[in-house]
Amino acid sequence: MKCLGGFLLLAALAGAGFVYSGWYDISATDQHLAPTYRLLDYAMRRSVSFRARDIEAPDLKDERRIQTGAFLYRQHCLHCHGAPGVPPAPFALGMTPVPVPLVHTARAWSPAEMFWVIKEGIKMTGMPAWKYRMSDAQIWSVVAFLPAMARLTPAQYADLRIMPLEPAQDVLEDKPSAKRGEQAINQYACVTCHEIPGIVGANAPVGPPLKGVASRVMLGGVLPNSPENMVRWLRFPRQIAPLTAMPDLGVTEQDARDIAAYLATLR
Amino acid sequence: MRLAAFAFVSMISGCGNPGQPALGGDPESGRLLLRQFACGSCHSIPGVANASGKLGPPLEGIAKRVYLGGVLPNTPENMASFIRAPHKADPRTAMPDMGVTQAHARDMVAYLYTLK
């Protein structure tokens, strides 16, 4: 027993020493060891298949849906994943892992799994969550487009007539929820510039810390703090304070209300 | 074991080395001046008596903050100018012009730059 304890302690020390020394090569040009890659890939597949287990796909053969998906694909996915005969953009080629061609994904993954991955994203891979940028219906249309794209020749993809979409309406679905706000705070990158109690992230002190923001009197130094003003400030800071470094992040009304509900808990 | 603990602590805290006071001001005088100019009625300021105001942002860690008043890149010079004439940087700011002299501002900046 004592021997095992000693061994574990030694292993922990060796691990800490490895981390502290900076020996681990964090660069994107250093490929994973094959077992590391396989383990990460397997863990990702297991997690996706487990989490997508209860998702039911709508009718994906619908022509309008596929057309909408073609537009959204070109808008949001093409730069990283390419298309038949179209390479990913240069920045995407420098990513590790390199984004995969979705013509293969469309054959290998179920629609529910693809929907889940697009919606929720995958940590530490560069795959973003689209939940806050696309509606469920829009995500399904991308899922519908993927197998259709996989059946196109490069010439057919190049000839595809892609119609622009009507801009989505900003709909209020629900009462403000601090729980949803907690997730939205990460999804709008608030935590990269502010220290926010309860949110794990970069916390760079670009703007003021938000601890106690609920009892702060002014927002951005210019706007009296009230629930309504907080929502306005979150959505359009540069309309309220044209000189502020805080950017308009395209926060929807619903998401702003949810974020405000979370911030209201920080007394 | 102690070494590992040290390694861990320095990893999460970073190692700072205190240099010259910012703008050559006197930090101790600055600390008293921050009180004299009632900065603490709007800001919480570590080390300044009764400075627990909630009108503006807390000044804990202000030395490392990237922007002042959300508008001005944080340098000692810009901080002195923001303290002296906040409306010059942002006409809409709620922070009032308190009539701080350049010499006083320099001392205040020297103290505020110790708040890392």
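Residues numbered from 1 in each chain as written. Chains lettered and ligands numbered in written order. Predicted model: local features only at pLDDT ≥ 70, side-chain atom pairs only at ≥ 80, totals over all residues.

## Structural notes on the overall build of chain B
In terms of regular secondary structure, chain B is built from five helices and two strands. The order of α-helices and β-strands along chain B, N terminus first, is α-α-β-β-α-α-α. The burial tally for chain B puts 34% of its 116 residues in the buried class. Intrachain contacts of chain B at a sequence separation of at least 6 include 47% that bridge at least 24 residues. (Helix = DSSP H or I, 4+ residues; strand = E, 2+ residues; numbered from the N terminus. Buried ≥ 20, exposed ≤ 12 C-beta atoms within 10 Å, placed from the backbone. Contact = placed C-beta atoms within 7 Å.)

## With respect to helix H7 (residues 136-150) of chain A
All names here are of chain A. The terminal C-alpha atoms of H7, which comprises 15 residues, lie 22 Å apart, in line with the 21 Å expected from a rise of 1.5 Å per residue. For H7, every residue scored as buried is listed here: Gln138, Ile139, Trp140, Ser141, Val142, Val143, Ala144, Phe145, Leu146 and Met149. In this structure, the buried side of H7 is in contact with helix H3 (63-81), helix H5 (102-108), helix H6 (111-120) and helix H8 (154-159). (Expected span 1.5 Å × (residues − 1).)

## What to know about the domain arrangement of chain A
The domains assigned to chain A are domain 1 (43-159) and domain 2 (178-263). Domain 1 of chain A and domain 2 of chain A are separated by 31 Å when their C-alpha centres are compared. (Domains from an automatic or database assignment.)

## Some remarks on the interface of chain B and chain A
Contacts between chain B and chain A engage 22 residues on the former and 21 residues on the latter. Examining the composition of the side of chain B that touches chain A, we find that four residues originate from one element, helix H1 (residues 2-13) of chain B, more than from any other. Partitioned by chemical class, the residues of the side of chain B that touches chain A number twelve nonpolar, five polar and five charged. (Nonpolar A, V, L, I, M, F, W, Y, C, P; charged D, E, K, R; others polar.)

## Regarding the environment of glutamine 187 of chain A
Among the structural elements, glutamine 187 of chain A can be located in helix H9 (residues 178-187). Excluding anything up to four places from it in sequence, glutamine 187 of chain A contacts Ala129 and Tyr132 of chain A.

## Observations regarding the packing of H3 of chain A against H7 of chain A
Residue and element names in this part refer to chain A. At their nearest, the axes of H3 and H7 sit 7 Å apart, and the two run at 95 degrees to each other. When the interaxial angle is binned, H3 and H7 end up roughly perpendicular. Between H3, through Arg65, Ile66, Thr68, Gly69, Ala70, Leu72, Tyr73 and Cys77, and H7, the contact on the second element is made entirely by Gln138, Trp140, Ser141, Val142, Ala144, Phe145 and Ala148. (Axes fitted to C-alpha atoms, helices over the stretch in contact; angles between N-to-C directions. Parallel < 35°, antiparallel > 145°, perpendicular 65-115°, else oblique.)

## Comments concerning the environment of valine 86 of chain A
Residues and elements named next belong to chain A. Among the secondary structure elements, valine 86 is positioned in the loop between H3 and helix H4 (90-93). Valine 86 sits in the partly exposed class, given 14 other C-beta atoms within 10 Å. Sequence separation between valine 86 and alanine 158 is 72 residues, and the spatial gap between their C-alpha atoms is 8.7 Å.

## Things to note about the confidence of the model for chain B
Residues and elements named next belong to chain B. Residues of chain B with pLDDT of at least 70 account for 84%, and the chain-wide mean is 88. Model confidence for chain B, summarised as mean pLDDT per element, is weakest for H1 at 46 and strongest for helix H5 (residues 102-112) at 98. The low-confidence segment residues 6-17, where pLDDT is below 50, has six contacts with residues more than four positions distant or belonging to other chains. Under the prediction, the complex receives an ipTM of 0.81, its pTM being 0.86. (pLDDT = per-residue confidence, 0-100.)

## So, unusual backbone geometry
Cis geometry marks the peptide bond from threonine 96 of chain A to proline 97 of chain A; its omega dihedral reads -5 degrees. Positionally, proline 97 of chain A belongs in the loop between H4 and H5. Backbone geometry at leucine 23 of chain B places phi at a positive 60 degrees, although glycine is not the residue there. The phi torsion at alanine 38 of chain B lies on the positive side, around 60 degrees, for a residue other than glycine. Tracing the chain through its elements places alanine 38 of chain B in the loop between helix H2 (27-36) and strand E1 (67-68). Judged by the 13 C-beta atoms lying within 10 Å of it, alanine 38 of chain B is partly exposed.

## Observations regarding the confidence of the model for chain A
Predicted confidence across chain A gives a mean pLDDT of 94, with 99% of residues reaching 70 or more. Here helix H1 (residues 2-21) of chain A is the element of chain A with the lowest mean pLDDT, 92, and H6 of chain A is the one with the highest, 98.

## Re the packing of H9 of chain A against helix H13 (residues 253-263) of chain A
Residue and element names in this part refer to chain A. Relative to each other, H9 and H13 sit at 105 degrees, their axes nearing to 7 Å. Taken together, the axes of H9 and H13 lie roughly perpendicular to each other. Contacts from Ala178, Arg180, Gly181, Glu182, Ala184 and Ile185 of H9 reach H13 at Asp255, Asp258, Ile259, Ala261 and Tyr262. Looking at side-chain class alone, the contact of H9 with H13 contains six nonpolar, one polar and four charged residues.

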